[in-house]
Structure formats: structure tokens, C-alpha cells
Amino acid sequence: MRASSLQPVQNALVAIDPNAVALVELVSLRRAELAARMVDRLQAEFPGYAAHERAELQQRAEFGIEYIAKMLVSGEGPNPALLDTFADLGRLRARDGVGLRTLIRGVRLSVREAMEFAQSLADGSELGSGSTFSLATELWDWMEVLTDRISPENLGEEERLAREAAEARCVGAVVGGTAGAHELAEAALACDLDPALHYHVLRADLDGARREQLWPRRGAGGVSAVLDGELVGLLAALPCRPLSFLAGVGPALPLTSGRQSYLVAGRVLQSARGSCTGLVTLAGVGLRASVVADAAMGEVLAARYLEPLRVLGDFGAQLLDSVQAYFDAEQNIDDAARALFVHPNTLRHRLTRFEEATGASLRRAEHIAEIWWVLTRRSLERVPTPQR
């Protein structure tokens, strides 16, 4: 066998099959062709790579092929400097919109492409297909070391910050309502989310909200970020375990409709404050969400039912509280009177005075619905809104 220009030394690769060294050299000489095949596969299978300049990806692929070929032949194995280079590449890819899971999957795909390429070269030469066995063993061992080095848990604080920045960009793009479908897909893939799935938008006050209750690990079906003083998240599926804090949840919609889910989640959160905990959906708050959303109707009804009571001063407030107790007791006079510590006839008198002051009838369904709306709006306004 002719001498290798890669200057091989006796090592495990050579000891298993010296022909493998010649095969590695042959692959290295044709690295531009292999790199092009790798880039084709990456851009075809991972949309996160599709938006990147092909020339830049080709250059990085050729660099990796050449460097790995030299290490395989020399027997030195992945050195710290090279591993740091690939770790830096992982950080760069995370910032550029390629999530680390996608990066690791891309590395494995590239190794498979390299092995298929090497096999085709071996089949077309005097080396024979047997020379690829030892190469595959060494290459897969090398890949395991590399993927472990670029895994999220080994990239430290800098990677954590880059990951959180990517998640904030993704959540912001989805709930902002101005990003296009392609931009949303790129943002999702950068966080290892499937852009084809539908996602609930979750909104929670930061007080007591713990992100790990929703997502024990990154890529487990959701991401979250802090936006305008709230914890805002995207969930592919709602968690089954109970939460210790209140969170409003919008419907599961495509990423392109994330703004709609975000707005619904906000209405639900505002409607449920002071009365619920855990994950609450629109069905869980019912018409209370309409009270929150329709401020104009609230103003109209407040003018009709509250203004006549305000001129009565403290007595008007007492009448309104009496009606509230009557509704809370499901319109049972005796139960409401006990809650107010008054005689039932006293309560009957107050309800009559309320009807006289407002012109409403507590036996007419339309008026009952409007009074409930006013009382619900009043109770929601009394719930303190956390500082933003």
C-alpha cells in the first residue's frame, strides 16, 4: 500500500485494518464532494439549516471532515481544542436558530452520510468493503465523544443564556402576531419544537410561578419566557399534574395563530384571579372572560346599575352587597340573610329598595344577567393585579 500523505502511525485503526487508513485518506481527498452531500441532507431534513448560507455550511463541513480524518489516522482521538471548537459551533448554531438537539441529530446524520460515502468509495476500489468496518467503529466512538461534548448540559452558563434567549425569541415571535410562517418555524426549531404541532399559550403571574412544574427539561413539549412581567409559555400538551399557581391557558392553535391563543390566555388569567388556581382554560371561567373582554358593555351596565346607588352613599353600597350575597346564595333569601347576619325580611326590604333605585327586576332574566355582569366586573376590579 502506498504511503499516506496524512502521515499515519501505528494505532488501533491501523491494527484492525491498515486498508482503512487508505480509505480515510481517499475520503479526505474528496471531502468537498462529501461535504456537499452532507449539506444537501442537512438542509433537506432540518429546516433549521435550510435558512443558512450553503457556502458557510459547506466550508464548516469540509473543515470537520479534514480534521477528523487526520485524527482517525493519527490515532490521537478528539483533542480538547477540537472539542472546544465544536462546542463553540454548538453555541453559534443555538444563536443562529439551530437547536442543540437538531445539531446533534445533524452530526449523526453526517456520520451516516460519511459512512455511506466511504462504503461507495471502498466498493469502487481495491480496498474492498471490509475496510469500512474498522473505520465505522472508530468514527462512531468519535461521534459519541463529540455529541456528549456539545450536549446542552455540558455547555454551561453561556449555553443556558443562549438557550433562554432563543426561547424568548420563539415565544415573542409566536405571541407577537407579526412574524411570518417561515420565521416562526425557524424560531421553534431553534428551541427543538416541532413547528407542525399546535401549541397552547400559557400566561401566569411571576409570583410563585415555577417553570420546572411545566417543563422538567428543555424540548419536553414546551418552552417559556418572561414577557412584560408574566411567565408566558408554549405547550404542545397540557401537563396532567396539578400546579401550585394560577395560569391562564389559551386553545391549542398553529404557531401562526399563537397571538389569538395568547389573548385568550390573558382573558382567562384575569378572569380567574382570586377564585382559581392551577391551569384554567376558557371553559373554566365561562362568561367571566366576556366580562373582562367587553369593557364597553361593562361601562354601560355600570352606568345603569351603579350610578343610581352611588347617590345613596353608604346605603347604596349596602344594597349592592346585599344583592351580591343574594346571588352568591343562588337567590335563596334565608341563606343570603344568614351570610349577612340580618333577618330575611330585612334582606327582602333591601332587595326591593335596590329594584326601586335601579329600575331593575330581580325576577326578570335579562336584568339578572346584567346585574350579574356588573357584580362580576366589580369583583374582578377588586382583585389586585400584580406589578408589571
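Shown above is the structure to which this text applies.
Residues numbered from 1 in each chain as written. Predicted model: local features only at pLDDT ≥ 70, side-chain atom pairs only at ≥ 80, totals over all residues. Heavy atoms only, no water.

## Details of unusual backbone geometry
Positive phi outside glycine occurs at Glu330, with the angle close to 55°. With respect to the element layout, Glu330 can be found in the loop between α16 (314–328) and α17 (333–340). Not every positive phi belongs to a glycine, and Gln331 is a case in point at roughly 60°. Inspection of the secondary structure assignment puts Gln331 in the loop between α16 and α17. Among the residues examined, Gln331 registers a relative accessible area of 37% and is labelled partly exposed. (Helix = DSSP H or I, 4+ residues; strand = E, 2+ residues; numbered from the N terminus. Buried < 20%, exposed > 50% of the residue type's maximum accessible area, 1.4 Å probe, protein only.)

## Remarks on the environment of Ala247
Secondary-structure assignment places Ala247 in strand β4 (residues 246–249). For Ala247, a relative accessible area of 0% translates into the label buried. Other than its neighbours up to four places away in sequence, Ala247 contacts Leu202, Arg203, Ala204, Gly278, Leu279 and Val280. (Contact = heavy atoms within 4.5 Å.)

## A word on helix α11 (residues 258–272)
Side chains of residues three or four places apart in an α-helix project in the same direction, reflecting 3.6 residues per turn. In this model, α11 (15 residues) spans 21 Å end to end at C-alpha, consistent with the 21 Å of a helix rising 1.5 Å per residue. Three or more residues of α11 are buried, namely Gly258, Ser261, Tyr262, Val264, Ala265, Gly266, Val268, Leu269, Ser271 and Ala272. Looking one or two places after α11, you find Gly274, whose phi comes out positive at around 85°. (Expected span 1.5 Å × (residues − 1).)

## Some remarks on the environment of Glu116
Assignment of secondary structure puts Glu116 in helix α7 (residues 100–123). Along the backbone, Glu116 and Leu34 are 82 residues apart, and their C-alpha atoms lie at a distance of 9.9 Å.

## A word on the nonpolar core
Counting 26 residues, the largest nonpolar core has Tyr305, Val323, Phe327, Leu351, Phe354, Leu362 and Ile371 as the members making the most contacts within it. Of all the secondary structure elements, the ones that give two or more residues to this core are α13 (288–293), α14 (295–305), α16, α17, α18 (344–358) and α19 (365–382). Val323 has contacts with Leu351, Phe354, Ile371 and Leu375, leaving out every residue within four places of it along the chain. Judged by nonpolar contacts, the second largest core, of 21 residues, contains Leu184, Ala187, Cys191 and Leu227. (Core = buried A, V, L, I, M, F, W, Y, C linked by side-chain atoms within 4.5 Å.)

## Re α18
End to end, α18 covers 21 Å across 15 residues, agreeing with the expected 21 Å (1.5 Å per residue, within 8%). The positive-phi residue at the C-terminal boundary of α18 is Gly359, with phi of around 75°.

## Section: the pairing of β4
Consecutive residues of a regular strand have side chains that alternate between opposite faces of the sheet. Side chains Leu246 and Gly248 of β4 all project onto a buried face; the interleaved residues Ala247 and Val249 project onto the opposite face, where all are buried too. In this structure, strand β1 (residues 200–205) lies alongside β4, joined through three bridges in antiparallel fashion. Looking at β4, one finds that Leu202 is bridged to Val249. Here β4 runs beside strand β5 (residues 278–280); their pairing, made up of three bridges, is parallel. Considered in β5, the bridge of Leu246 is made with Gly278. (Pairing = 2+ DSSP bridges.)

## Focus on the pairing of β1
For β1, the buried fraction is high: six of the six residues fall into the buried class. Going residue by residue along β1, you find His200, Leu202 and Ala204 tucked away on one face and Val201, Arg203 and Asp205 tucked away on the opposite face as well. Two elements, β1 and strand β3 (residues 230–235), share six bridges in a ladder whose sense is antiparallel. Note that in β3 the partner of Ala204 across the bridge is Leu231.

## Details of the side chain of His367
Secondary-structure assignment places His367 in helix α19. A polar contact is formed between the side chain of His367 and the side chain of Arg304, at a distance of 3.2 Å. Not counting residues within four places of it along the chain, the set of residues in contact with His367 comprises Arg304, Tyr305, Gly359, Ala360 and Ser361. (Polar contact = N/O pair within 3.5 Å; in protein donor to acceptor, adjacent residues only side chain to side chain.)

## What about the state of the cysteines?
Working definition of a disulfide: a covalent bond connecting the sulfur atoms of two cysteines. If you walk through the whole model with that rule in mind, you get zero disulfides. Cys170 takes part in no disulfide bond, and the closest cysteine sulfur to it belongs to Cys191, at a distance of 4.4 Å. Residue Cys170 is classed as buried on the basis of its relative accessible area, which comes to 0%. Taking the relative accessible area as the measure of exposure, Cys191 reaches 0% and is therefore buried. (Disulfide = S-S within 2.5 Å.)

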